[in-house]
Amino acid sequence: MVMTARPRPRQAKRLRQLLLAVAGVVAGVVLFVRVFAGNGSIQEDRALPKKPQTPPTPRLRTTQSSHDKCRFYLAESAIPMSGLALFTVVDIDEGETSQANIDICVYVADTPKRTHFTTHSWSRDTFFAEFEGENPRGACEGFGTLVNSMPPGRQTSRLTLLGVPHHNAGLRRDQHAGAGAISHYYGLSSVATRKVLAGSEVTIDYGDWHYSDSELQATWLPERSVDYIRQNGLCVDNIHVATATDPSMGRRAFSKYKLKAGSAVTPAPLQVFPDRTLFEAQTPSALFINYVLEVDDGMILFPYGPGVNLINHSQKPNVAWRWSEHHMHHANWLELSKEQFLQFDYPGGIMLEVVALRDIKAGEELFLDYGQAWQEAWDHHVRNWKPDLAPYTYPQDMDRTLPFRTLEEQENDPYPSNLQTVCWTDNSRRHGKDDKAEAKSTQMPWKSPDPDNWPERTYECKILKRKEKAGSHKYDVGLILSEDQEADDLHIDTGVPQDVIYFVDRMYKADMHLPKSFRHAMVLPDELVPMTWRRST
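Residues numbered from 1 in each chain as written. Predicted model: local features only at pLDDT ≥ 70, side-chain atom pairs only at ≥ 80, totals over all residues. Heavy atoms only, no water.

Peer 1: So what's going on with the pairing of strand β27 (residues 458-469)? Residues and values would help.
Peer 2: The sheet contact formed by strand β23 (residues 419-424) and β27 spans 3 bridges and is antiparallel. Residue Cys-423 lies in a different strand from β27, and its bridge partner there is Tyr-459. Sheet topology note: the β27/strand β28 (residues 472-480) ladder contains 9 bridges and is antiparallel. Paired with Ile-463 across the strands is Val-477, a residue of β28. Linkage of β27 to β28, two consecutive antiparallel strands, is achieved through a turn of 2 residues, within which Ala-470 is found at a positive phi near 55°. (Pairing = 2+ DSSP bridges. Helix = DSSP H or I, 4+ residues; strand = E, 2+ residues; numbered from the N terminus.)

Okay, here's the thing in structure tokens:
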């Protein structure tokens, strides 16, 4: 995919109905037909029906931790051929949060090609990540990956961020061995764009998705009965995420409600990658490695259920993994050879759950056992870790209430070398040429983007002039709108407000790029590894 300065909120999910070839299984041959829908949006080459398809026969489950307090569920989408989806069983007022937790995204610079990572991830300019490295894409947990798309005006929600999502959760490179081992892209949230009724499927407008005329003209909204959702869905509202009180622990997950032993805490749909070496071409390996489960031969599984990736490790866990009993989990695929399975698999096709090992109190921290290999690797890392004392300033340490220094002022009083300034503007289009720098500079008054586009219209900018009026500051800035723009060809915005200018790390300067930062996958427990996947000895 060729990336330009034009925002592309998300590459459309692959939603094609495929007839797979006949696969030989044991002594017979079984014909498998699957919908390659993943958990994405409406297919672009079909018309929306007047109403959703008839829901599947309910399959009641006794181990689901469904309770009156649970507000959000994962269930089969009411949009035909769209896999899994998020639903609300309570009314949500316009402007209220439309998800259970604040989510994280794990960005990978130099994204490997021809994998699910390019089809089920967010593009580089969605969360300020275009400044992370070359061709970065982000795998998000929870809402960021599970939410489906509807045409403009019929979606329930829009994405929002809790400020610039560059937060190290207290793990500083000069103080903690965990620096660079967690994602600093924390803060993905959403708000309702209208009154959302109980039973509604929670959706957004991807923004770059092509809808047919019939889809745009249709009026129905995807929904299911609250009873159906509670009986057939999986609660995704049992976890509360917070920054740990112990700075060395980063962020952590707590039980929001009292949970019984054996109950499902949260579902974890999986993205499967056949070879972890896809993410080891850089030094250190991609941070994504820290958020996956590894099978003994190098195949890795990314669990993207809400809050799952913020459950910390302990050798005395109170929760554990198990294969889901939900009908959207294709349990029979685990009986195939690994080679056959990889032909059938699509993101969300198989699913784990986090289950309570004992009764858990409301407010109790949740712990998983990442495996003995992970523990040994962490212990070795801690023993050999040394603080990074090279000059570095975290973006969040900069005081954005102070006047920004102009380029001329920076000659004598420069900003930290790892930082750059970026500006939020709707002026990416110059003389009708969308997002392409022209041969000569241009000048335009600053224009505020639609909040629905934030922060996808954020660009590197240079502070040229500062003006003070009535106690506030406005700036003239030079924008870098594309990678091929000549250094001297600045596109100037005038009258830029103070509060739309930010500090971010320059490429490859953030903690996750520290050469000796910790990398190790969690280990899929041996008893959960299908016999047909096991390495022959």
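Additional details are given in the paragraphs that follow.
Peer 1: Please set out helix α6 (residues 372-384) residue by residue, giving values where relevant.
Peer 2: Its 13 residues give α6 an end-to-end C-alpha distance of 19 Å, which sits within 8% of 18 Å, the value for a rise of 1.5 Å per residue. The secondary structure elements touched by the buried residues of α6 are β19 (312-313) and β31 (522-523). (Expected span 1.5 Å × (residues − 1). Contact = heavy atoms within 4.5 Å.)

Peer 1: If you had to explain the state of the cysteines to someone new, which residues and values would you point to?
Peer 2: Enumeration over the complete set of coordinates arrives at 3 disulfides. What pairs with Cys-105 in a disulfide is Cys-140, and their sulfur atoms sit 2.0 Å apart. Across the S-S bond linking Cys-105 and Cys-140, the dihedral sits near 100°, which makes this disulfide right-handed. Taken as a pair, Cys-105 in strand β7 (residues 103-108) and Cys-140 in strand β8 (residues 137-140) lie far apart in primary sequence, 35 residues in all. The buried category is assigned to Cys-105, whose relative accessible area is 1%. In this structure Cys-140 comes out as buried when scored by relative accessible area, which is 0%. Through a disulfide, Cys-423 is tied to Cys-461; the S-S separation comes to 2.1 Å. Where Cys-423 bonds to Cys-461 through sulfur, the torsion about that S-S bond is close to 70°, and the disulfide is right-handed. (Disulfide = S-S within 2.5 Å. Buried < 20%, exposed > 50% of the residue type's maximum accessible area, 1.4 Å probe, protein only.)

Peer 1: Can you explain the nonpolar core? Please cite residues and give values.
Peer 2: Formed by 93 residues in total, the largest nonpolar core has its most connected members in Phe-127, Phe-279, Phe-288, Trp-321, Ile-350 and Leu-352. Membership of the second largest hydrophobic core comes to 17 residues, among which are Phe-404, Tyr-459, Val-500 and Ile-501. (Core = buried A, V, L, I, M, F, W, Y, C linked by side-chain atoms within 4.5 Å.)

Peer 1: I'd like to hear about the side chain of His-313, residue by residue, with values.
Peer 2: Structurally, His-313 is set in strand β19. Ignoring anything within four residues of it in the chain, the contact list for His-313 reads Phe-367, Leu-368, Asp-369, Tyr-370, Gly-371, Trp-374 and Gln-375.

Peer 1: So, the side chain of Ser-183: which residues are in play, and what are the values?
Peer 2: Topologically, Ser-183 is positioned in the loop between β10 (157-161) and β11 (185-192). Classification of Ser-183 by relative accessible area gives buried; the value is 2%. Reaching out from Ser-183, the side chain makes a polar contact with the backbone oxygen of Cys-105 at a distance of 2.4 Å. Setting aside residues no more than four positions away along its own chain, Ser-183 makes contact with Cys-105, Val-106, His-167, Arg-251, Leu-287 and Tyr-291. (Polar contact = N/O pair within 3.5 Å; in protein donor to acceptor, adjacent residues only side chain to side chain.)

Peer 1: Break down the sheet that holds strand β5 (residues 72-76) for me, citing the residues and quoting the values.
Peer 2: Within the open sheet, the 3 strands sit side by side as β6-β5-β13. Their pairing is antiparallel. Each edge of the open sheet carries a strand with a single partner, namely β6 (84-88) and β13 (234-235). The pairing of β5 with β13 spans 2 bridges and is classified as antiparallel. When the bridges of β13 are listed, Tyr-73 appears paired with Cys-235.

Peer 1: Run through unusual backbone geometry, naming residues and quoting values.
Peer 2: In this chain, Thr-283 is followed by Pro-284 through a cis amide linkage whose omega measures -5°. With respect to the secondary-structure elements, Pro-284 resides in the loop between β16 (264-273) and β17 (293-294). The phi torsion at Met-81 lies on the positive side, around 60°, for a residue other than glycine. Note that Met-81 resides in the loop between β5 and β6. One non-glycine residue, Asn-135, lies in the positive phi region at around 45°. Within the element layout of this structure, Asn-135 appears in the loop between α1 (116-119) and β8.

Peer 1: Describe the packing of aromatic side chains, listing the residues and the values that go with them.
Peer 2: Following the criterion strictly, the structure yields 17 aromatic pairs and no others. Summarising the aromatic geometry, the rings of Trp-378 and Phe-518 are spaced 5.1 Å apart at their centres and angled 85° between planes, so their arrangement reads as edge-to-face. Here Phe-518 lies in the loop between β30 (501-505) and β31 and Trp-378 lies in helix α6, a separation of 140 residues in the sequence. The buried category is assigned to Phe-518, whose relative accessible area is 5%. Taking the ring centre of Tyr-392 as reference, the NZ or CZ of Arg-173 above it sits at 3.5 Å. (Phe/Tyr/Trp six-rings, centres within 6.5 Å; stacked < 30°, edge-to-face > 60°. Lys NZ or Arg CZ within 6 Å of the ring centre and 35° of its normal.)

That's the geometry; what it means functionally is another story.
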